[in-house]
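Chain residues, written in single-letter form:
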Amino acid sequence: MRAAVVDALGSGFALQDVDIAEPVGREVLVEVRASGLCHTDLTVATHAFGDFPPPVVLGHEIAGVVVAVGPDAGTFVTGDHVVGCLVQWCGHCPACLGGRVYQCGSPGTTLRDPLREEPRLSRAGRPLTQGMGLGGFAERALVHENQLTAVPRRLPFPQAALLGCGVLTGAGSVLNGARVAAGETVAVIGAGGVGLNALGAARIAGASRIVAVDVQDGKLRRALDFGATDVVNSATTDAVAAVRELTGGGVQHAFDIVGAGATTELALRMTALGGGVYVVGLAAGGGDLKLSLPRLLLQQKRIQGLIMGSGNPRRDIPRYADLYLRGRLNLDDLVSREIALDGIDAGYAALQDPDVARVVITSFQAGPAPGRT
């Protein structure tokens, strides 16, 4: 099959012929119909981030059709439409048994043993790293069934692909992590793909004031279509003062989608007494946060890191799919561009455009993809 391979950090995504194994155990072979471009994959492809050494096939926002199942897989049958998710969960540890699969204590059990088993992906007889257990920048993906969730067949593949990461993370941070209630106030710092989903979820939750904060006016204009009641450009405005004025003293929930020390500090300063700050993203290189413990104590604030929106994919992905099909969750405007498998480098470059929310691979043949460009 063909896959986009990263041979070395910073080398880009090169379309190559690779071999994919047959499904064994609880593995499922998926024909990939859509694969979203997430910034996390770009970070892995350009920096030493995570345990995904090159050569590696990345891509973790995937949707497709089941074409074969391993002998022990009991969740899916051929023809099912599925969404992949990077959350790897064993199903047996205390966290999994408690429904907190995003905190699984033994996530590696869903992968093949590279010392004892044939690798899932290889090239000329040499194993390739399968990014996040998915490797969705390819024509097919061989995945443990725990990383897949069935979705309705009427759900378009480009929109379905986004459910596995951008939607799960953004919407889940609001609905699962912070549990925003009707009438509460929210600020979202960073109005990219994940931030837009957080805004949409805040609207679904019934938040009374939803403030989008970003440094690009194009992103802020789009934020209004996803649920923001107000927008603040932090490059030209004192964002803390603006948010506090809009909400009468600060928000009850502030979501840092960017994940830099400066943006988390911004979130802390724009929350009200007893408010919560949720770190959702992680900027390249990370960052440090300096805290005044007396201020944190006296203002009774809390800071929480959230992974994948504290999501249980088998519970949440069908829920978000239903919200989209009922017209309550805007996924159509997230899909800004559709590209072919050999256009990943250009697709990531396009994400620098503030008018582009998400880029999705929908053609696995060389050349431009049909649909929106």
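If you're wondering where the values come from, they're calculated on a predicted model, not measured in any experiment.

This next bit is on the overall build of the protein. Across its full length, the protein carries ten helices and 20 strands. Here the protein has a C-alpha radius of gyration of 20 Å; the compact-globule value for 373 residues is 21 Å, and the two agree. Viewed in the frame of its principal axes, the protein has a C-alpha envelope of about 60 × 45 × 40 Å. Taking all 373 residues of the protein together, the buried fraction comes to 56%. Taking contacts inside the protein between residues at least 6 apart in sequence as the whole, the part at least 24 apart equals 71%.

Pairing is antiparallel across the open sheet formed by three strands, whose spatial order is S3-S8-S9. Every interior strand has two partners, whereas the edge strands, strand S3 (19-20) and strand S9 (126-127), have only one. In this sheet, S9 lies alongside strand S8 (residues 121-123) in antiparallel orientation, the contact comprising two bridges. Bridged to Arg 123 within S9 is Arg 126.

A cluster of nonpolar residues, Leu 289, Leu 291, Leu 293 and Ile 303, forms a patch on the protein surface that exposes about 330 Å² of accessible area. Mapped onto the secondary structure, Leu 293 falls in helix H8 (residues 293-299).

Attention now moves to the environment of Lys 290. Tracing the sequence through the fold places Lys 290 in the loop between strand S17 (271-279) and H8. Exposure remark for Lys 290: the relative accessible area of 79% places this residue in the exposed category.

Another aspect to go through is the nonpolar core. Among the nonpolar cores identified, the biggest contains 63 residues, and Leu 163, Val 167, Leu 199, Phe 255 and Tyr 320 are the most heavily contacted of them. Counting only elements with at least two residues in this core, the list comes to strand S6 (61-69), helix H2 (94-97), helix H3 (157-177), strand S13 (185-189), helix H4 (193-205), strand S14 (209-214), helix H5 (217-226) and helix H9 (313-325). Ranked by residue count, the leading element in this core is H3, at eleven residues. Val 44, Leu 58, Ala 141 and Ile 344 belong to the second largest nonpolar core, which has 32 residues in total.

If you walk through the whole model with that rule in mind, you get twelve salt bridges. Arg 358 is the salt-bridge partner of Glu 61, the closest N and O atoms lying 2.9 Å from each other. Here the residue Glu 61 occupies a position in strand S6, and Arg 358 occupies one in strand S20 (residues 358-363), the gap between them amounting to 297 residues. Glu 61 sits in the buried class, given a relative accessible area of 0%. The exposure class of Arg 358 is buried, given its relative accessible area of 6%. For Arg 209, the salt bridge goes to Asp 230, with nearest N and O atoms at 2.6 Å. With Arg 209 in strand S14 and Asp 230 in strand S15 (residues 230-233), the pair connects residues that are 21 residues apart, well separated along the chain. With a relative accessible area of 29%, Arg 209 lands in the partly exposed category.

The subject of this paragraph is the sheet that holds strand S16 (residues 251-256). Backbone-to-backbone hydrogen bonds join strands into a sheet, with any given pair of strands oriented parallel or antiparallel. Strand order across the open sheet formed by six strands is S15-S14-S13-S16-S17-S18, with parallel pairing between neighbours. Strands at the two margins of the open sheet, each flanked by one partner only, are S15 and strand S18 (302-305). Adjacent strand axes in the sheet meet at a mean angle of 20°, parallel and antiparallel pairs treated alike. Here S16 pairs with S17 via five bridges, running parallel. Each residue of the ladder has a partner; that of Phe 255, found in S17, is Tyr 278.

Before going further, it helps to examine the packing of H3 against H9. At a minimum axis distance of 9 Å, the contact between H3 and H9 shows a crossing angle of 100°. Considering their axes alone, H3 and H9 lie roughly perpendicular with respect to each other. The residues of H9 that touch H3, namely those facing Gln 159, Leu 163, Gly 164, Val 167, Leu 168, Ala 171, Gly 172, Leu 175 and Asn 176, are Pro 313, Arg 315, Asp 316, Ile 317, Arg 319, Tyr 320, Ala 321 and Tyr 324. Looking at the contact of H3 with H9 residue by residue, the classes come out as ten nonpolar, four polar and three charged.

Conventions adopted
Residues numbered from 1 in each chain as written. Predicted model: local features only at pLDDT ≥ 70, side-chain atom pairs only at ≥ 80, totals over all residues. Heavy atoms only, no water. Helix = DSSP H or I, 4+ residues; strand = E, 2+ residues; numbered from the N terminus. Rg over C-alpha atoms; globule rule 2.2 N^0.38 Å. Buried < 20%, exposed > 50% of the residue type's maximum accessible area, 1.4 Å probe, protein only. Contact = heavy atoms within 4.5 Å. Pairing = 2+ DSSP bridges. Patch = residues over 30% accessible without salt bridge, like charges linked within 9 Å, V, L, I, M, F, W, Y side chains within 5 Å. Areas by Shrake-Rupley, 256 points an atom, 1.4 Å probe, with all protein chains shown as cover. Salt bridge = Lys/Arg side-chain N within 4 Å of Asp/Glu carboxyl O. Core = buried A, V, L, I, M, F, W, Y, C linked by side-chain atoms within 4.5 Å. Axes fitted to C-alpha atoms, helices over the stretch in contact; angles between N-to-C directions. Parallel < 35°, antiparallel > 145°, perpendicular 65-115°, else oblique. Nonpolar A, V, L, I, M, F, W, Y, C, P; charged D, E, K, R; others polar.

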